[in-house]
Amino acid sequence: MARGLPKLLGVVGAGQMGAGIAQVAATCGLQVVLVDRAASQLERAAEGMRASLARLAAKGRLPGGADPDAVLARLQPATELEALAAADYVVEAVPEREALKADVFRALDSLAPPHAVLASNTSSISITRLAAATARPDRVVGLHFMNPVPVMGLIELVRGMQTSDETFEATQRLATHLGKTTCVSLDRPGFIVNRILMPMINEAFFALMEGVGTAHDIDTGMKLGTNQPMGPLTLADFIGLDTCLSIMRVLHDNLGDDKYRPCPLLIQYVDAGWLGKKSGRGVYSYSS
Ligand code: 3HC
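Rules used throughout
Residues numbered from 1 in each chain as written. Predicted model: local features only at pLDDT ≥ 70, side-chain atom pairs only at ≥ 80, totals over all residues. Heavy atoms only, no water. Pairing = 2+ DSSP bridges. Helix = DSSP H or I, 4+ residues; strand = E, 2+ residues; numbered from the N terminus. Axes fitted to C-alpha atoms, helices over the stretch in contact; angles between N-to-C directions. Contact = heavy atoms within 4.5 Å. Salt bridge = Lys/Arg side-chain N within 4 Å of Asp/Glu carboxyl O. Core = buried A, V, L, I, M, F, W, Y, C linked by side-chain atoms within 4.5 Å. Buried < 20%, exposed > 50% of the residue type's maximum accessible area, 1.4 Å probe, protein only.

A short note on the sheet that holds strand β4 (residues 89-92)
Pairing between the strands of a sheet is mediated by backbone hydrogen bonds and can be parallel or antiparallel.
Phase 1 of the analysis: Pairing within the open sheet is mixed, and its eight strands lie in the order β3-β2-β1-β4-β5-β6-β7-β8. Each end of this open sheet is capped by a strand with a single partner; those strands are β3 (75-78) and β8 (181-185). The sheet shows a mean angle of 25° between the axes of neighbouring strands, taken without regard to direction.
Phase 2 of the analysis: Relative to β4, strand β1 (residues 8-12) runs parallel, the two sharing four bridges. Counterpart to V12 in the pairing with β4 is E92.
Phase 3 of the analysis: Along the sheet, helix α2 (residues 39-58) makes contact with β2 (31-35) and β3, crossing β2 at roughly 135°.

This is the structure we're talking about:
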């Protein structure tokens, strides 16, 4: 790794988080390989990154006045994990399902160079357990970005039980290089941010289900009443209701307490395929 930074950064998963991470890393001068099995997802990610870079460039908000074309030239898309054979640092950002993430970690462990760090962008799953799927648990760490990655200032760093000091320091250096402030969490369900945020979102669904207020009133109350950029139901649609439900299930399964019980209305929305902004319908409709 040059100057303690990766010469080649791999990102696995080109959804909204993976694409955002790849974009920010390339904006900050790193060479990036973005891997997704689905070529169509890579194309969508490229479109999103172009739009996001144009928005940031128009406002003069690209660090060091980076040129969007030069940023995009540092990004190489790939449909096979084998493209990461020379990566020094890999960030996994596949959907929030433990079995899927563990499979990706096993595959990365056999493909990536022995010195490479394997980081997970998981929102809530145990880093210690993901590390145990590899033969390099000392080089596994949690690197949890916030959505939208290019705009949000935080990365949550999570140390697994076996994460080495060297891995943790390399990760802290990378986060700083990406222009983000960090908070450090123990490897506990939901870490810090989602342990606190998701019960609020879940409670907003209970309030909606019980008719305490309309979606609009709940969101207006919380947005203006507590000075948040978005009300909790709008934010849930923005994050993805399936992601919110997965995180609530991790909290409930691992912490046990009834206060983490996923709201039946949230479950029903997900069962209906109303996943939020990305599916065109969640609490609100986005079809127009
Ligand atoms: N790329 C580039 N710029 C973007 C962008 C993107 N993807 N998304 C938004 N922006 C920019 C806009 O251009 C705009 O810039 P400006 O202030 O200079 O005009 C600014 O961000 C605000 O955007 P908009 O005017 O379009 O809309 P909003 O004012 O509603 O802001 C928001 C959008 C930044 C998303 C804001 O509503 C917000 O901060 N919402 C809360 C987000 C949040 O809480 N995220 C964390 C979720 S939890 C999480 O991610 C953890 C995970 O594990 C679940």
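Focus: the pattern of salt bridges
Phase 1 of the analysis: Overall, the coordinates contain nine salt bridges when judged by the stated rule.
Phase 2 of the analysis: The closest approach of N and O atoms between D103 and R106, which form a salt bridge, is 2.9 Å. In this pair, D103 and R106 both sit in helix α4 (residues 98-111), three residues apart, roughly one turn of the helix.
Phase 3 of the analysis: Connected through salt bridges with shared partners, the residues E92, E96 and K101 form a single ionic network.

Observations concerning the nonpolar core
Phase 1 of the analysis: Formed by 39 residues in total, the largest nonpolar core has its most connected members in L9, V32, L34, Y89, L143, F145 and L178.
Phase 2 of the analysis: Looking at this core element by element, the count peaks at seven residues for helix α1 (residues 16-27).
Phase 3 of the analysis: Beyond its immediate sequence surroundings of up to four residues, L34 is in contact with V11, G13, A14, G18, A22, L42, A45, M49, Q76, P77 and A78.
Phase 4 of the analysis: Of all hydrophobic cores here, the second largest spans 28 residues; its members include A207, A236, I239 and V283.

Looking at the environment of D217
Phase 1 of the analysis: In this fold, D217 is placed in helix α8 (residues 215-225).
Phase 2 of the analysis: The sequence separation of D217 and M49 amounts to 168 residues, and the corresponding C-alpha distance is 34 Å.

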